[in-house]
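# Secondary and tertiary structure notes
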Amino acid sequence: MTAALLIAATAPVVHAQQAPLQDKPFAEHKIVLQLSDNDPRKQGLVLSVASNLMKHYDPDKVAIEIVAFGPGIELLRPENPNRRMVESLVAQGARFDICLNTVDTLERERGKRPEFIAAATPVQVGVAQILFLTENGYTLVRP
């Protein structure tokens, strides 16, 4: 799975629709966290909420998906100081989605495609991913 994420993250042009639902058959709770701000405090809060949920519930009993779009994708940049925390949460079963519409817009504006970490799951439209998740039993939380 890590290899697939690495390939997806390094491909020059990635076209993704929506990420399928997580394979967590024993999850009793499903939460999607929205991150659309490039505010370090907001990023920290989202990571704290995800971490606290992992501690409160067994990681197998909770499905956590963080959807980053707009300025929120900065959390998933390689140089972000929270990178280790993101990767730790991914190792525990959380998923971080990155909006490719935002990545494409930044590429057009800057003339260079921004890099993002291999732990990020590309989705074409971040808000559509949130809608898909909420329609499939996830509770939306915007810390």
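Below is a short write-up of the structure. (Residues numbered from 1 in each chain as written. Predicted model: local features only at pLDDT ≥ 70, side-chain atom pairs only at ≥ 80, totals over all residues. Heavy atoms only, no water.)

### Examining the overall build of the chain
Our working rule: A run of H or I in DSSP becomes a helix once it reaches four residues, and a run of E becomes a strand once it reaches two; helices and strands are each numbered from the N terminus. For every residue, the accessible area obtained with a 1.4 Å probe (protein chains only) is divided by the maximum for its type, and the residue is called buried under 20%, exposed over 50%, and partly exposed between those limits. Between two residues, a contact is recorded if the distance between any of their heavy atoms is within 4.5 Å. Every accessible area reported is derived by Shrake-Rupley at a probe size of 1.4 Å, with residue values counting cover from the shown protein chains alone.
A count of helical and extended segments in the chain gives five helices and five strands. Reading the secondary structure of the chain in the N-to-C direction produces α-β-α-β-α-β-α-β-α-β. Expressed as a percentage of its 143 residues, the buried residues of the chain come to 45%. In the chain, of all internal contacts separated by at least 6 residues, the share reaching a separation of at least 24 is 80%. Put simply, the chain shows about 7,600 Å² of open surface, and 56% of that area lies on carbon and sulfur atoms.

### Looking at the packing of helix α2 (residues 40-56) against helix α3 (residues 83-91)
Test applied: Note on definitions: angles span 0 to 180 degrees between N-to-C directions of axes, and those axes are lines fitted to C-alpha atoms, for helices only across the stretch in contact. Under this scheme an angle from 65 to 115 degrees is roughly perpendicular, one under 35 degrees roughly parallel, and one over 145 degrees roughly antiparallel; angles in between are oblique. By the definition used in this description, the sense in which the near helix is turned from the far one sets the handedness, with an anticlockwise turn below a right angle giving left-handed and a clockwise turn giving right-handed. All amino acids are sorted into three groups, where Ala, Val, Leu, Ile, Met, Phe, Trp, Tyr, Cys and Pro are nonpolar, Asp, Glu, Lys and Arg are charged, and the leftover types, Gly among them, are polar.
Direction vectors running N to C along α2 and α3 enclose 30 degrees, while the axes themselves pass 11 Å from each other. What the angle tells us is that α2 and α3 run roughly parallel. As for how α2 packs across α3, the hand of that crossing is left-handed. Contacts from Leu-47, Ala-50, Ser-51 and Met-54 of α2 reach α3 at Met-85, Val-86 and Leu-89. Residue composition of the contact of α2 with α3, by class: six nonpolar, one polar and no charged.

### Some details on helix α5 (residues 126-135)
Cut-off, in case you're wondering: By arc we mean the arc of the directions from the helix axis to the C-beta atoms, nothing more.
Looking only at α5, the buried set comprises Gly-126, Gln-129, Ile-130, Phe-132 and Leu-133. Projection of α5 onto a plane perpendicular to its axis shows the buried side chains occupying an angular sector of 160 degrees, all on one side. On its buried side, α5 packs onto β1 (29-35), β2 (62-68), β3 (95-99), β4 (120-123) and β5 (139-141). Once α5 ends, the next one or two residues include Gly-137, with phi positive near 95 degrees.

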